[in-house]
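# Summary of structural features
Each chain, letter by letter, is given below.
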Amino acid sequence: MKCKGVLRLAFLFMAFFYGPYKSMAWGMLGHRIVGEIASTYLTPKARKEIQQILGTESIAMASNWADFIKSDTTYKYLNSWHYIDFDSAINYTRMQSYLKSDTATDAYTKLNFLIRKLKNKKLSQNEKLMYLRLLIHIAGDVHQPLHSARTGDAGGNEIKVSWFGQPSNLHRVWDEQLIEFQRLSYTEYAAAINHASVKQRLTWQKQSISNWLFDSYRISEQLRKELQQPEQKLSFQYNFRHIETLNEQLLKGGVHLAGLLNQIFG
Ligand SMILES: [Zn+2]
């Protein structure tokens with residue numbers, strides 16, 4: 001009986017920590033993959049300046065800081081910097097005009113804020129470090145399709161699904177579970193997908209942040225449409241159908257981030 005009680009407690013403990021919680025960003029792996037890919041496309045000058053700010057921390061390892069600090073309430077004001085919500089079924093023109101007058105505290109206004117700040121050479125070392133870590137993180141986040149999505153269901157957190165039989169939600173599947181399903185470390189993952197042609201990279205790096213947001217938005221609308229019936233059971237087939245999109249978003253995230261860092265520091 002005692003043993004059963006302990007097992008029950010252990011189960012409750014696990015259910016609490018591994019159950020469907022409200023997920024808020026690419027998981028650790030996703031951010032590191034984006035950061036690792038970005039670090040392969042820096043100009044020598046940008047690489048040097050970034051190293052002076054981050055010290056021995058790589059871009060991949062700096063990418064998770066903005067999630068780690070969520071456990072400290074001092075940084076609560078940063079929570080809405082990780083994503084942006086739009087009206088449902090908008091097109092690119094409407095998105096652009098919305099962004100032009102956007103004054104909300106969201107990923108778009110804050111990415112622009114961070115770019116402006118980091119171009120200012122008079123910042124203190126601590127400010128540079130914080131702003132750069134935030135920029136690396138948020139540039140990655142907006143490539144997770146559900147971080148630039150329609151308003152109303154918390155970026156798919158409220159779309160309940162099961163993932164290989166375990167309760168989950170659409171946001172969490174895209175933050176972590178699809179990536180973790182590949183069974184690769186972040187360096188293995190980055191090496192496996194980092195194969196855009198030079199032409200492709202240059203085309204992507206010409207895109208504006210509003211292009212990044214619209215790509216994510218378009219994908220998120222499609223993902224939602226596929227899950228019309230409630231509580232869908234996702235597993236092998238979902239992986240098979242979406243792995244290419246997932247990998248392209250991670251790759252584009254890294255290429256876009258490198259372009260942005262070269263523009264700021266190069
Ligand atoms: Zn985030």
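Presented here is a report on the structure given in the accompanying data block. As the structure is a prediction and not an experimental result, all values here were calculated from the model.

## Some details on the overall build of the protein
Across its full length, the protein holds 13 helices and 5 strands. Computed over C-alpha atoms, the radius of gyration of the protein comes to 19 Å, within 12% of the 18 Å expected from 2.2 N^0.38 for 266 residues, which places it in the range of a compact globule. Looking at the protein as a whole, 50% of its 266 residues qualify as buried. Contacts in the protein between residues far apart in sequence, at least 24 positions, make up 80% of those at least 6 positions apart. Summed over all atoms, the accessible surface of the protein reaches about 13900 Å², with 56% contributed by carbon and sulfur. Both charge centroids of the protein, one from 33 positive and one from 23 negative side chains, sit 3 Å from each other.

## Considerations on the pattern of salt bridges
Where side chains of opposite charge bring their charged atoms close, a pairing between them can arise. Within this structure, the stated rule accounts for 11 salt bridges. The closest approach of N and O atoms between aspartate 87 and arginine 94, which form a salt bridge, is 3.8 Å. Between arginine 224 and aspartate 153 there is a salt bridge, and its shortest N-O distance comes to 2.2 Å. In this pair, arginine 224 sits in helix H12 (residues 209-226) while aspartate 153 sits in the loop between strand S2 (148-150) and strand S3 (160-163), placing the two residues 71 residues apart along the sequence. Because the salt bridges share partners, they merge into one network encompassing Lys45, Glu49 and Lys121.

## Some points on unusual backbone geometry
We note that alanine 89 has phi near 55 degrees; this positive angle belongs to a residue other than glycine. With respect to the helices and strands, the residue alanine 89 is situated in the loop between strand S1 (84-86) and helix H6 (92-100). A relative accessible area of 56% places alanine 89 in the exposed class. Even without being glycine, alanine 154 reaches a positive phi, approximately 50 degrees. Given a relative accessible area of 32%, alanine 154 falls into the partly exposed group.

## Digging into the sheet that holds strand S5 (residues 232-234)
Taken together, 3 strands build an open sheet; the order of strands is S4-S3-S5 and the sheet is mixed. Unpaired on one side and paired on the other, strand S4 (166-169) and S5 mark the two borders of the sheet. Strand-to-strand twist across the sheet, computed as the mean angle between neighbouring axes with direction ignored, equals 40 degrees. Packed onto the sheet, helix H9 (residues 170-181) meets S3, S4 and S5 and runs at close to 120 degrees relative to S4.

## Some remarks on the coordination of the zinc ion
Listed as protein donors to the zinc ion are His82 (ND1), His137 (NE2) and Asp141 (OD); their distances from the metal cover 1.9 to 2.1 Å. Positions of the donor residues of the zinc ion, expressed as sequence spacing, correspond to H-x54-H-x3-D. In this pair, histidine 137 and aspartate 141 both sit in helix H8 (residues 125-141), 4 residues apart, roughly one turn of the helix. On the basis of relative accessibility, which here comes to 0%, the residue aspartate 141 falls in the buried class.

## Observations concerning the environment of alanine 66
If you trace the backbone, alanine 66 turns up in helix H5 (residues 65-68). Separated by 65 residues in the primary sequence, alanine 66 and tyrosine 131 have C-alpha atoms spaced 10.0 Å apart. Contact partners of alanine 66, with chain neighbours within four places excluded, come to His82, Leu134 and His137.

## Some details on the pairing of S4
Here 4 bridges tie S3 to S4, and the two strands are oriented antiparallel to one another. Bridged to serine 162 within S4 is proline 167. Here S3 folds back onto S4 in antiparallel fashion, the turn holding 2 residues, of which phenylalanine 164 has a positive phi close to 50 degrees.

Conventions we followed
The residue numbering used here restarts from 1 in each chain and proceeds along that chain's sequence as written. For a predicted model such as this one, the threshold for reporting local features is a pLDDT of at least 70, and the threshold for listing and counting side-chain atom pairs is 80 or more; totals across whole chains, interfaces and linings nevertheless cover every residue. To get the side-chain values, all heavy atoms of the structure are used, and hydrogens and water are removed first. In DSSP terms, a helix is any run of H or I states spanning at least four residues, a strand is any run of E spanning at least two, and both are numbered starting from the N terminus. Atoms counted for the radius of gyration: C-alpha only. Globule rule: 2.2 Å times the number of residues to the power 0.38. Under the scheme applied here, a residue whose accessible area is under 20% of the maximum for its type counts as buried, over 50% as exposed, and between as partly exposed, the area being computed with a 1.4 Å probe on protein chains only. Note on definitions: a residue-residue contact is assigned when non-hydrogen atoms from the two residues lie within 4.5 Å. All accessibility values rest on the Shrake-Rupley procedure with a 1.4 Å probe; residue burial counts only the protein chains present in the view. Positive charges come from Lys and Arg, negative ones from Asp and Glu, while His and the chain ends are left out of the count. To locate a charge, take atom NZ for lysine, CZ for arginine, CG for aspartate or CD for glutamate. The term salt bridge refers to a pairing of a side-chain nitrogen on Lys or Arg with a carboxyl oxygen on Asp or Glu at a separation within 4 Å. Here, any two strands with at least 2 DSSP bridges between them count as paired. Every axis corresponds to a line fitted to the C-alpha atoms, with the helix fit spanning only the stretch in contact, and the corresponding angles, defined between N-to-C directions, vary from 0 to 180 degrees. Coordinating donors are taken to be N, O and S atoms lying within 2.8 Å of the metal, or within 3.2 Å when the metal is Na, K or Ca; because water is excluded from the atom set, some sites may appear incomplete.

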